[in-house]
Amino acid sequence: MEIPYKIYLEESEMPKCWYNMRADMKNKPAPLLNPGTHKPVTADELSHVFCNELVKQELDDTTAFFEIPEEIRSFYRMYRPAPLVRAYCLEKKLGTPAKIYYKFEGNNTSGSHKLNSAIAQAYYAKEQGLKGVTTETGAGQWGTALSMACAYFDLDCKVYMVKVSYEQKPFRREVMRTYGASVTPSPSTETEVGRRILEKHPGTTGSLGCAISEAVEKATTSEGYRYVLGSVLNQVLLHQSIIGLETKAALDKYNIKPDIIIGCAGGGSNLGGLISPFMGEKLRGESDVRILAVEPASCPSFTRGTFAYDFCDTGMMTPLAKMYTLGSDFIPSPSHAGGLRYHGMSSTLSQLYHDGYMEAISVNQTDVFKAAEYFARTEGILPAPESSHAIYAAIEEAKKCKERGEEKTIVFGLTGTGYFDMVAYEKFHDGKMDDTVPSDEELKKYAAMLPKVD
């Protein structure tokens, strides 16, 4: 059977429910802890920070499927189902017997997969009767998606953008402002925690951990506001499961069984969403598919982090989460994959990695951009730097198939486009991009500062 270049589902075939991987996990992720008492955080405590319905989704480890409200499904139809693309040109260029597919999530105005969760979180905020929401953003894709979702529901949107990305990606900032959001470079002097971070780290380029702290403070001190997060949390992985569910439905149409699934890894939203139904099969013993997470060598939480309880933010305002972490005080080098500059990893994915259900590698920035350029010249899409981590690994796996004469099926997530990342591409082309990797001594220093939890 000939496989088309793009496999599209009909709108009627779009998933009607999100899938919760935790329901099939024998070892559930460790609970979030109150940093003061070290007791599991209650729904009531979390409801001061998050919307009530999202709190329920966050804490539910047993419900396998959550129905997607009709209004969210209606919005999804503007840009979903997203295509699963057979990378015929890339296969030919590599001369590999491997079959390569990528799930392309960049076909919407926000430019990435982030809209899948942004619209859900904005919907629940509106349902609760809130005035607005606050958030952080790294590369700006999450902030762009949330500002678009808030415009749809007529909600106020306050975005704290990691300072280095704010400066490197001014046009992403302007898209957010076009949708009506206010955008502040973080850390800023707007919040108490921002002022503290600036005092401790003068001249810092910021991090997602810093921006989260500011957004949480703003939400908890503003009447009628709640905080929303673009990655890491269970609720976000739940919403992003639509990526994997669509991918599996498209593969099933042609009876294709993947051998390797690859996703870039920062906080875990894209990776968790892409792998969700395949991981479910693996957890239930129905499949032995290989799952590979790819992270930047400048921020290697899976490959060099510690599996321990830590704060999700630099200002230590959030609950403690058990995850692979480099330490909440760790501020990565100003790499260009801004969406992957987070010190920790989703608790759910961390537990799965710890239990051996998935692998992880870290990659240098210049190698990632070489892969991005190669992909752009063969498949014609300019990829986001974040997505290009997965592209790098897919190319390497395809090369191994060529060496061994193996016809493996490789699926990776192309999370978004790189059209607002031209400063990074310029630095790469001009030979001004470097590979900054934290030393063992530096990581030991931050690991020693992790909270002591019995």
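The structure presented is a predicted model; accordingly, all values stated were derived computationally and were not measured. (Residues numbered from 1 in each chain as written. Predicted model: local features only at pLDDT ≥ 70, side-chain atom pairs only at ≥ 80, totals over all residues. Heavy atoms only, no water.)

### Some points on the overall build of the chain
And step 1. Check the secondary structure of the chain and you find 18 helices and 15 strands.
And step 2. Taking 22 Å as the expected radius of gyration for a compact globule of 454 residues, we find that the chain reaches 20 Å, a close match to that expectation.
And step 3. With the C-alpha coordinates of the chain rotated into their principal frame, the extents come out at 60 × 50 × 45 Å.
And step 4. When contacts within the chain are restricted to residue pairs at least 6 apart in sequence, those whose partners lie at least 24 apart make up 77%.
And step 5. Of the accessible surface of the chain, which amounts to about 16800 Å², a share of 49% is contributed by carbon and sulfur atoms. (Helix = DSSP H or I, 4+ residues; strand = E, 2+ residues; numbered from the N terminus. Rg over C-alpha atoms; globule rule 2.2 N^0.38 Å. Contact = heavy atoms within 4.5 Å. Areas by Shrake-Rupley, 256 points an atom, 1.4 Å probe, with all protein chains shown as cover.)

### Focus: the domain arrangement of the chain
And step 1. When the domains of the chain are assigned, the result is domain 1 (6-14 + 81-111 + 234-449) and domain 2 (17-61 + 114-227).
And step 2. Distance from the C-alpha centre of domain 1 to the C-alpha centre of domain 2: 21 Å.
And step 3. Each side of the interface is counted separately: domain 1 has 62 residues, and domain 2 has 62 residues.
And step 4. Surface buried jointly by domain 1 and domain 2 totals about 5000 Å² across both partners, of which 59% is contributed by carbon and sulfur atoms.
And step 5. Counting the surface domain 1 buries against domain 2, the share from its top three residues, Q235, H239 and F420, is 15%.
And step 6. Counting the contacts that link domain 1 with domain 2 gives four salt bridges.
And step 7. For D421, the salt bridge identified is with R172, shortest N-O distance 3.9 Å.
And step 8. Taken together, the links from domain 1 to domain 2 amount to 20 residue pairs in polar contact (both at pLDDT 80 or more).
And step 9. Counting residues per element, the ones that place at least two in the side of domain 1 that touches domain 2 are α11 (234-253), α12 (269-283), β12 (306-311), β13 (320-325) and α14 (347-354).
And step 10. No other element matches α11, which puts 11 residues into the side of domain 1 that touches domain 2.
And step 11. Within the side of domain 1 that touches domain 2, the residues separate by chemical class into 27 nonpolar, 26 polar and nine charged. (Domains from an automatic or database assignment. Buried area = accessible area lost by both parts, 1.4 Å probe. Salt bridge = Lys/Arg side-chain N within 4 Å of Asp/Glu carboxyl O. Polar contact = N/O pair within 3.5 Å; in protein donor to acceptor, adjacent residues only side chain to side chain. Nonpolar A, V, L, I, M, F, W, Y, C, P; charged D, E, K, R; others polar.)

### A closer look at the packing of helix α15 (residues 365-379) against helix α16 (residues 385-404)
Packed helices, taken two at a time, are described by their axes: the angle between them and the distance between them.
And step 1. Contact pair α15 / α16: the axes reach a minimum separation of 8 Å and the direction vectors enclose 85°. In terms of axis orientation, α15 runs roughly perpendicular to α16. Taking contact as the criterion, the partners of D367, V368, F369, A371, A372, Y374 and F375 in α15 are, on α16, P385, S388, H389, I391, Y392 and I395. (Axes fitted to C-alpha atoms, helices over the stretch in contact; angles between N-to-C directions. Parallel < 35°, antiparallel > 145°, perpendicular 65-115°, else oblique.)

### Looking at the UniProt feature "modified residue: N6-(pyridoxal phosphate)lysine" (unreviewed entry) in the chain
And step 1. Per the UniProt entry, the sites bearing "modified residue: N6-(pyridoxal phosphate)lysine" (unreviewed entry) are K114 in this numbering.
And step 2. Position of K114 relative to the elements: it lies in the loop between β5 (99-104) and α5 (115-127).
And step 3. Accessibility expressed as a relative area gives 12% for K114, which makes it buried.
And step 4. Beyond its immediate stretch of four places on either side in the chain, K114 contacts Q141, W142, A145, G230, S231, Q240 and S269. (UniProt positions renumbered as here; feature names shortened; annotations may be inferred. Buried < 20%, exposed > 50% of the residue type's maximum accessible area, 1.4 Å probe, protein only.)

### Observations regarding the side chain of T366
And step 1. Along the chain, T366 falls in helix α15.
And step 2. Discounting chain neighbours no more than four positions away, the residues touching T366 are F428, M433 and D435.

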